[in-house]
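The primary structure of each chain is shown beneath.
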Amino acid sequence: MKIGVIAIQGAVSEHIDALRKALKERGIDAEVVAVKHKSVIPECGGIVIPGGESTTLCRLLAREGIAEEIKDAAARGVPILGTCAGLIVLSKEGDEQVEKTSQELLGIMDTKVNRNAFGRQRDSFEAELDVEILESPFTGVFIRAPGIVSCGPEVRVLSRLDDLIIAAEQGNVLALAFHPELTEDLRIHQYFLDKIFKNA
Ligand code: GLN
C-alpha cells in the first residue's frame, strides 16, 4: 500500500513525517511517497494535499495531469486529506478572489470556500479546537487560513471557528483549514489512516 503526498508546494515533508510516525505507532507497513508527477496517484490508497498557495497548486496539478488522477481516485473512494490550501483545492466553489484568478478547483467536496478567511500571512495564530472526531481539543495552527462558508447536505461539519467551518468530511474526503502536520499531535493523521485501513 502506498500513501501519496502531493509534493508540489507547502508542508510536504511534515505530512510525510507525520504519516510515517502514525503508521509506525500502528505497526502498519505502508509506503509514504512524495508525488510530483503523473501515474503515481492511481497506485495510492490514500492521498494528502498539503497547504501552500492554492492558485499555484491548482495550476500545477492540472499541468502535470495529477488533477484528473485525484478526481478519479476520489470517485473510487480513496481517502483524501486536504489541509489549508488543500481544502481550497478540494472545494467545489470559491470566493471572488478564486474566480478572478480562474483557479480550477477539483470540486470534490460540496463546499464553498473563502480563500483567505482568516487573513494573510501575518495573521497566523493557534486555537484550541473542538473537532467532532476527537475526544479532546486539538491545537489548530492557522496560516493565512481559508474557511468553508457553506456546504451541501452530504458534508459533515467537524469543527467551526467564528462563523466558519474549519474541518469537514464528505465520505472518503477530509478537509481542514489548519495544519495538523505542524504539531506533534498525530490524532488527525491517525484518523486518516483509519479511513484508509477501514477502521473508521
Ligand atoms: N490562503 C492560502 C491560499 O489561498 C492558503 C494558505 C495555506 O495553505 N497556508 O492558497
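Residues numbered from 1 in each chain as written. Predicted model: local features only at pLDDT ≥ 70, side-chain atom pairs only at ≥ 80, totals over all residues. Heavy atoms only, no water.

An unreviewed UniProt entry annotates the protein chain as Pyridoxal 5'-phosphate synthase subunit PdxT originating from Methanosarcina barkeri MS. In the Sequence similarities (unreviewed entry) part of its UniProt record, the protein chain is described as follows: "Belongs to the glutaminase PdxT/SNO family." Taken from UniProt, the Subunit (unreviewed entry) comment for the protein chain reads in full: "In the presence of PdxS, forms a dodecamer of heterodimers. Only shows activity in the heterodimer." (UniProt positions renumbered as here; feature names shortened; annotations may be inferred.)

Colleague: Please clarify how the overall build of the protein chain should be interpreted in this entry.
Modeller: The helix and strand inventory of the protein chain stands at six helices and twelve strands. For the protein chain, the C-alpha radius of gyration of 15 Å lies close to 16 Å, the compact-globule estimate for 200 residues. Considering only C-alpha atoms, the protein chain reaches an extent of 45 × 40 × 35 Å along its principal axes. Out of the 200 residues belonging to the protein chain, those deemed buried represent 56%. (Helix = DSSP H or I, 4+ residues; strand = E, 2+ residues; numbered from the N terminus. Rg over C-alpha atoms; globule rule 2.2 N^0.38 Å. Buried < 20%, exposed > 50% of the residue type's maximum accessible area, 1.4 Å probe, protein only.)

Colleague: What should I look at first to understand the packing of aromatic side chains in this one?
Modeller: By convention here, two paired aromatic rings are described through the distance between centres and the angle between planes. Using the criterion set out here, one finds five aromatic pairs in the structure. For the ring pair Phe125 and Phe142, a centre distance of 4.7 Å and an interplane angle of 5 degrees mean the geometry is stacked. Residue Phe125 is found in strand 7 (residues 125–129), and its partner Phe142 is found in strand 8 (residues 138–142); the two are separated by 17 residues along the sequence. Look at Phe125 and you get partly exposed, because its relative accessible area is 28%. Given the relative accessible area of 0%, Phe142 is considered buried. Within the aromatic cluster, the residues linked to one another by ring pairs are Phe118, Phe125, Phe138, Phe142 and Phe178. (Phe/Tyr/Trp six-rings, centres within 6.5 Å; stacked < 30°, edge-to-face > 60°.)

Colleague: I'm lost on the UniProt feature "binding site: L-glutamine" (unreviewed entry) in the protein chain in this one. Help?
Modeller: The sites that carry the UniProt feature "binding site: L-glutamine" (unreviewed entry) are, in the present numbering, Gly52, Glu53, Ser54, Arg115, Ile143 and Arg144. A maximum C-alpha distance of 12.9 Å places the annotated residues, which cover 93 residues in sequence, within one compact spot. Judged by its relative accessible area of 2%, Ser54 is buried. Turning to its location among the elements, Arg115 is positioned in the loop between strand 6 (109–114) and strand 7. In this structure the side chain of Arg115 is engaged in a polar contact, spanning 2.3 Å, whose partner is the side chain of Glu53. (Polar contact = N/O pair within 3.5 Å; in protein donor to acceptor, adjacent residues only side chain to side chain.)

Colleague: Which parts of the structure should I look at to understand the site of the ligand?
Modeller: The environment of the ligand is formed by Gly51, Gly52, Glu53, Ser54, Cys84, Ala85, Ile88, Arg115, Asn116, Ile143, Arg144 and His179. The protein chains hide 98% of the 300 Å² of surface that the ligand would expose on its own. A breakdown of the residues in the shell around the ligand according to their chemical character gives four nonpolar, five polar and three charged. (Near = heavy atom within 4 Å. Areas by Shrake-Rupley, 256 points an atom, 1.4 Å probe, with all protein chains shown as cover. Nonpolar A, V, L, I, M, F, W, Y, C, P; charged D, E, K, R; others polar.)

Colleague: Any chance you could explain the environment of Val155 here in plain terms?
Modeller: Checked against the element boundaries, Val155 lands in the loop between strand 9 (147–151) and strand 10 (156–161). Along the primary structure Val155 and Val173 are separated by 18 residues, whereas in three dimensions their C-alpha atoms are 9.5 Å apart.

Colleague: When you look at the UniProt feature "active site" (unreviewed entry) in the protein chain in this model, what are you seeing that I'm missing?
Modeller: The UniProt record marks Cys84, His179 and Glu181 with the feature "active site" (unreviewed entry), using the residue numbering of this structure. Their sequence span is 98 residues, while the largest C-alpha to C-alpha distance among them is just 10.9 Å; these annotated residues converge on one region. Tracing the chain through its elements places Cys84 in the loop between strand 4 (80–83) and helix 4 (85–90). Judged by relative accessible area, which is 6%, Cys84 ranks as buried. In this structure Cys84 touches Gly51, Ile143, Ala145, Pro146, Leu176, Ala177, Phe178 and His179, once residues within four positions along its chain are discounted. As for its placement among the helices and strands, Glu181 is situated in the loop between strand 12 (173–176) and helix 6 (187–196). Overall, the relative accessible area of 5% leaves Glu181 in the buried class. At 3.4 Å, the side chain of Glu181 and the side chain of His15 are in polar contact. (Contact = heavy atoms within 4.5 Å.)

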